[in-house]
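Take a look at the letters that make up each chain.
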Amino acid sequence: MKVRRIAILTSGGDAPGMNAAIRAAVRVAIAEGFEVFGVLRGYRGLIEGTWRKLELRDVSGVIERGGTMLMTAREPRFRDPDWRKVAYDKLTQGGIDGLIVIGGNGSFKGAYDFFTDFQFPVVCIPATIDNDISGTDYAIGFDTAVNNAISAIDKIRDTASAFERVFVVEVMGRRSGFIALHVGIATGAEVVLIPEIDYPIEKVANDVIEAKRKGKRHVLIIVAEGVASGSSVGDILLKRLEPHGYTDIRVTVLGYIQRGGNPTAFDRLMASRMGAQAVHALARGEAGVMAAFVGQEVVTRKLETAVSGTKKIEPALYELARKLAM
Ligand code: F6P
């Protein structure tokens, strides 16, 4: 049966570029003769049947905006097959026969379960600032988040250099170090701490002492939140450094500043390409797939690839971060 009426939702952590993806999906879908419905608040909206029809002009003026015009939620009920059945009944009663889910790992798991339960035509678009979805080289929002963090850290560095201080900057990434690693390289950080690689605090203390010995005016330590909080890293490190004459370490938590604001050109482009690919996939009769960026192309990949593992950081990039901190 051909899909004619598509619902779109955004779920989990918002990511800059989600609006651009919604816009692209809506416009391409309408151009291809589909009707489109925007579901509010992610899977909660599916369970509660809260959606409205989207027309071409409903997605005007959103490509440059962060957040998500459809709003988002983390909906634990969707992990329960009984609630997924409620959502399925609501969708089919509403005559909706295709679903586009824009989100990260948790949202993909929900989409995969929904597809497996009912063979409902679901296509996902990867969007998470963590960029940790397996099977795609890129997830919408990452570039903006990295750039947001870089511009904040460039400012912090001015003070770090002026006072010859040690700074610990905590960035997002609960389970993954992509943001920390890319930000660390791009800001010239001396140390990058990520959940994927164990790097003991004694070595960090040693790196600080070495950096000073080599004549560095400041020491910048980037820590992904998944390793430890910036303040606990700062406290433990200071204890180790006090015998060497250090009296303070400053800590900054970048937090949600990273996730908000206007998407970069790269995120707008990726979102537009992925939004279009998601609709084309449904038009071709594909289901249980995601739009994926692979080797400079936006293709489709089975959702299984995404839910069966987490994306690994590139060890060579980690090595590069260490080398460049000399
Ligand atoms: O998944 C994206 C992300 O920003 C993580 O980096 C972070 O740990 C988490 O979301 C925060 O989630 P919440 O918005 O629910 O606090």
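One can find the structure itself at the top, above this paragraph.
Please read these numbers as outputs of a predicted model, since none were measured by experiment.

Counted according to the given criterion, the structure contains 17 salt bridges. The partner of Glu-75 in a salt bridge is Arg-77, and the shortest N-O contact between them spans 3.2 Å. Given the relative accessible area of 25%, Arg-77 is considered partly exposed. As a salt-bridge pair, Arg-322 and Asp-207 come within 3.8 Å of each other at their nearest N and O atoms.

This part covers the site of the ligand. Neighbouring the ligand are the residues Arg-74, Thr-128, Ile-129, Asp-130, Met-172, Gly-173, Arg-174, Glu-225, Tyr-256 and Arg-259. Between the ligand and Arg-74 there is a distance of 2.8 Å, counted from an oxygen atom to a side-chain nitrogen or oxygen. Compared with its free state, where it exposes 400 Å², the ligand has 80% of that area covered by protein. Tallied by class, residues from the shell around the ligand come to 3 nonpolar, 2 polar and 5 charged. In this structure, the shell around the ligand is formed jointly by two domains, domain 1 (5-141 + 263-307) and domain 2 (143-260), each of which donates at least three residues.

Looking now at unusual backbone geometry. Although it is not a glycine, Gln-119 sits at a positive phi angle of roughly 55°. Counting through the fold element by element, Gln-119 comes out in the loop between helix 4 (105-118) and strand 5 (122-126). Among the residues examined, Gln-119 registers a relative accessible area of 53% and is labelled exposed. Positive phi, normally seen in glycine, also occurs at Gln-296, with a value near 75°. For Gln-296, the location among the structural elements is in the loop between strand 10 (289-294) and strand 11 (297-302). With a relative accessible area of 58%, Gln-296 lands in the exposed category.

For the pair helix 1 (residues 18-31) and helix 9 (residues 265-283), the least separation of the axes is 7 Å and the interaxial angle reads 40°. Classed by the angle they form, the pair helix 1 and helix 9 counts as oblique. Judged by the sense of rotation from one axis to the other, the crossing of helix 1 with helix 9 is right-handed. Taking contact as the criterion, the partners of Ala-20, Ala-21, Ala-24, Ala-25, Val-28 and Ala-29 in helix 1 are, on helix 9, Arg-268, Ala-271, Ser-272, Gly-275, Ala-276, Val-279 and His-280. Split by residue class, the contact of helix 1 with helix 9 holds 9 nonpolar, 3 polar and 1 charged.

Paired through their backbone hydrogen bonds, the strands of a sheet run either parallel or antiparallel. Taken in spatial order, the 4 strands make up an open sheet running 7-8-6-9, and their pairing is parallel. Taken across any chain shown, the strands that pair with only one partner, and hence form the sheet edges, are strand 7 (191-193) and strand 9 (250-253). Direction aside, neighbouring strands of the sheet carry axes that sit 15° apart on average. Here 3 bridges tie strand 7 to strand 8 (residues 219-224), and the two strands are oriented parallel to one another. Its bridge partner being in strand 8, Val-191 is matched across the sheet by Ile-221. Where helix 5 (residues 142-163) meets the sheet, it contacts strand 6 (166-171), strand 8 and strand 9, and its direction lies at approximately 165° from that of strand 6.

Tracing the backbone through its elements, the reader meets Thr-187 in helix 6 (residues 178-187). What makes Thr-187 buried here is its relative accessible area of 2%. Filtering out sequence-adjacent residues up to four positions away, Thr-187 remains in contact with Ile-150, Ile-153, Asp-154, Arg-157, Leu-220 and Ile-222.

Right, let's talk about the nonpolar core for a bit. It is characteristic of soluble globular proteins that their nonpolar side chains tend to be buried jointly. With 85 residues, the main nonpolar core has Ile-8, Ile-100, Ile-102, Ile-221, Ile-222 and Leu-237 as its most contacted residues. A per-element tally of this core places helix 5 first, with 9 residues. Taken together, domain 1 (5-141 + 263-307) and domain 2 (143-260) each give at least three residues to this core, which thus spans both. Ignoring any residue separated from it by four or fewer positions in sequence, one finds Ile-221 in contact with Val-166, Phe-167, Val-168, Val-169, Val-191, Leu-193, Val-204, Val-208 and Leu-237. In terms of nonpolar packing, the next biggest core, distinct from the first, is built from 27 residues, Ala-7, Tyr-43, Phe-118 and Ile-133 among them.

The strand order across the open sheet formed by 7 strands is 3-2-1-4-5-10-11, and the pairing between neighbours is mixed. Of all the strands in the sheet, the pair left with one neighbour each is strand 3 (51-53) and strand 11. On average, adjacent strands in this sheet sit at an angle of 30° to one another, irrespective of strand direction. Where strand 10 lies against strand 11, 6 bridges are found, and the strand directions are antiparallel. Looking at the pairing, Ala-292 lines up with Val-299 of strand 11.

What counts as what
- Residues numbered from 1 in each chain as written.
- Predicted model: local features only at pLDDT ≥ 70, side-chain atom pairs only at ≥ 80, totals over all residues.
- Heavy atoms only, no water.
- Salt bridge = Lys/Arg side-chain N within 4 Å of Asp/Glu carboxyl O.
- Buried < 20%, exposed > 50% of the residue type's maximum accessible area, 1.4 Å probe, protein only.
- Near = heavy atom within 4 Å.
- Polar contact = N/O pair within 3.5 Å; in protein donor to acceptor, adjacent residues only side chain to side chain.
- Areas by Shrake-Rupley, 256 points an atom, 1.4 Å probe, with all protein chains shown as cover.
- Nonpolar A, V, L, I, M, F, W, Y, C, P; charged D, E, K, R; others polar.
- Domains from an automatic or database assignment.
- Helix = DSSP H or I, 4+ residues; strand = E, 2+ residues; numbered from the N terminus.
- Axes fitted to C-alpha atoms, helices over the stretch in contact; angles between N-to-C directions.
- Parallel < 35°, antiparallel > 145°, perpendicular 65-115°, else oblique.
- Left-handed = near helix turned anticlockwise from the far one by under 90°.
- Contact = heavy atoms within 4.5 Å.
- Pairing = 2+ DSSP bridges.
- Core = buried A, V, L, I, M, F, W, Y, C linked by side-chain atoms within 4.5 Å.

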